[in-house]
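Secondary and tertiary structure notes
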Amino acid sequence: MINVTKTFFPPIEDYQNQLQRIWNNQWLTNNGELYKELSKKLQDYLGVNQIIPMTNGTLPIQIALNAYAKEGEVITTPFSYVATTASIVWEKCTPVFVDIHPEYLTIDESKIEASITEKTTAILATHVYGNPCDVEVIEAIAEKHNLKVIYDAAHCFGLIYKGQSIFNYGDVSTCSFHATKLFHTGEGGALFCQDEETRQELWYRHNFGHDGPEHYHGLGMNAKMSELQAAMGLSVLPYMEHILKERQRVCEYYDEHLDFTKLSKLKLREGTQWNYAYYPVAFKTENELLKTKAKLEAKKINPRRYFYPSLEALPYINSSDCTIAMDTAKRVFCLPVYDSLNIEDLNKIVSTINV
Ligand SMILES: *Cc1c(COP(=O)(O)O)cnc(C)c1O
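Quick caveat: nothing in here was measured; it's all calculated off a predicted structure. (Residues numbered from 1 in each chain as written. Predicted model: local features only at pLDDT ≥ 70, side-chain atom pairs only at ≥ 80, totals over all residues. Heavy atoms only, no water.)

**A short note on helix α8 (residues 240–257)**
As a reminder, the rule being used: The numbering of helices and of strands both runs from the N terminus, where a helix is a DSSP run of H or I of at least 4 residues and a strand a run of E of at least 2. To estimate how far a helix should reach, multiply one less than its number of residues by 1.5 Å. Using a 1.4 Å probe on the protein chains alone, a residue whose accessible area is under 20% of its type maximum counts as buried, one over 50% counts as exposed, and one in between counts as partly exposed. It is the directions from the helix axis to the C-beta atoms that the arc portrays. Whether two residues are in contact is decided by their heavy atoms, any of which lying within 4.5 Å being enough.
Relative to the 26 Å expected for 18 residues at 1.5 Å per residue, α8 spans 26 Å between its end C-alpha atoms, a close match to the ideal helical length. Those residues of α8 not exposed but buried are Met-240, Ile-243, Glu-246, Arg-247, Val-250, Cys-251, Tyr-253 and Tyr-254. End-on, the buried residues of α8 take up no more than an arc of 155°, which puts them together on one face. Residues of α8 that are exposed and point more than 90 degrees away from the buried face comprise Glu-241, Lys-245 and Glu-256. Buried positions along α8 lie against α2 (33–46), α7 (227–236), β13 (279–283), β15 (332–335) and α11 (343–354).

As structure tokens, then:
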């Protein structure tokens with residue numbers, strides 16, 4: 001079975017060594033030693049201003065919306081994972097979908113302003129597949145209309161845009177450390193922001209609003225990352241260079257060997273040092289996609305339709321005029337990408353698609 005991805009397992013001794021530290025400390029969660037070490041190591045590795053690791057990649061989106069979107073209208077992309085839209089609805093905000101750019105597949109920044117009303121409070125856009133949104137234009141729009149910018153950067157671990165971490169753009173960025181993502185802590189994620197004051201404000205919110213054991217700063221919930229998750233993160237992090245190099249090998253194999261008269265690949269925004277998070281391909285029609293998917297599945301190769309359906313088609317949403325997103329979602333799937341994907345399997349995948 002070749003799935004769209006395969007979780008990286010560090011050598012078990014590495015994980016056991018981290019667990020031993022937890023047993024020595026007799027401390028399982030709440031800002032433990034491993035948590036603090038992982039925070040610091042990630043901050044340095046990624047080159048980010050501020051980080052709060054959390055228990056998954058969805059709660060940081062909700063926390064940012066809770067802090068900044070204030071139950072208003074949130075301008076967002078229909079081409080993302082369901083967590084993006086669901087978080088907006090969960091926080092009692094109203095998603096306002098803006099169609100995507102036909103090549104970059106990120107929110108079409110030229111269509112944002114037409115969707116702004118007096119109820120708009122924030123923009124929540126996804127750097128889909130690690131392809132950055134037009135962060136400069138979005139920032140200018142947000143400034144002009146006094147909106148907060150939150151990026152769902154779940155796919156962006158290690159991604160550099162114009163010489164710095166993509167997490168350093170926007171008021172808040174979020175990442176997922178889920179087992180299927182590039183870097184993982186089993187379940188996990190993080191929130192990134194630009195200054196200490198914002199970090200403090202959002203830190204309260206991820207820990208019940210606690211300001212000391214008997215004082216509350218305000219409303220909060222529980223999004224804390226445990227020591228067990230941090231142990232996995234500390235065990236995986238040393239292998240990132242290896243993971244990225246091997247993923248690059250896989251993506252370059254596809255670049256060289258796929259028949260691009262039948263399908264097209266993602267156009268990356270200029271200035272992007274990519275992280276090989278996904279390998280999406282677009283077919284000319286949904287029918288061609290379905291035929292190829294069936295051929296692959298017959299050989300136990302499982303691409304995934306990231307992201308289908310377009311999120312405006314969700315049962316709890318009632319808008320639907322993003323024609324490019326609707327059409328794109330029908331024609332795109334992601335090919336298997338993971339560090340241990342070998343040349344025989346790559347060959348099998350490519351030859352099945354190309355015939
Ligand atoms: C994976 C993902 C999430 C959710 O992250 P979790 O860690 O699974 O909660 C959110 N947005 C996007 C775009 C994702 O791909």
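**Concerning unusual backbone geometry**
Residues Tyr-306 and Phe-307 are joined by a peptide bond in cis, for which omega reads 5°. Topologically, Phe-307 is positioned in the loop between β14 (301–302) and α10 (323–331). In this chain, Tyr-308 is followed by Pro-309 through a cis amide linkage whose omega measures -5°. Turning to its location among the elements, Pro-309 is positioned in the loop between β14 and α10. Despite not being glycine, Gln-26 shows a phi value in the positive range, around 55°. By the secondary structure assignment, Gln-26 is in the loop between α1 (12–25) and α2.

**Concerning the packing of aromatic side chains**
Threshold: By convention, a stacked pair of Phe, Tyr or Trp rings (six-membered ring in the case of Trp) has centres within 6.5 Å and planes under 30 degrees apart, an edge-to-face pair has planes over 60 apart, and any other such pair is tilted.
Overall, the coordinates contain 17 aromatic pairs when judged by the stated rule. With a centroid separation of 6.0 Å and an interplanar angle of 80°, the aromatic rings of Phe-157 and Phe-177 are classed as edge-to-face. Of the two residues, Phe-157 sits in the loop between β6 (148–152) and β7 (160–161) while Phe-177 sits in the loop between β9 (172–176) and β10 (189–193), which places them 20 residues apart along the sequence. Judged by relative accessible area, Phe-157 falls into the buried class, the value being 3%.

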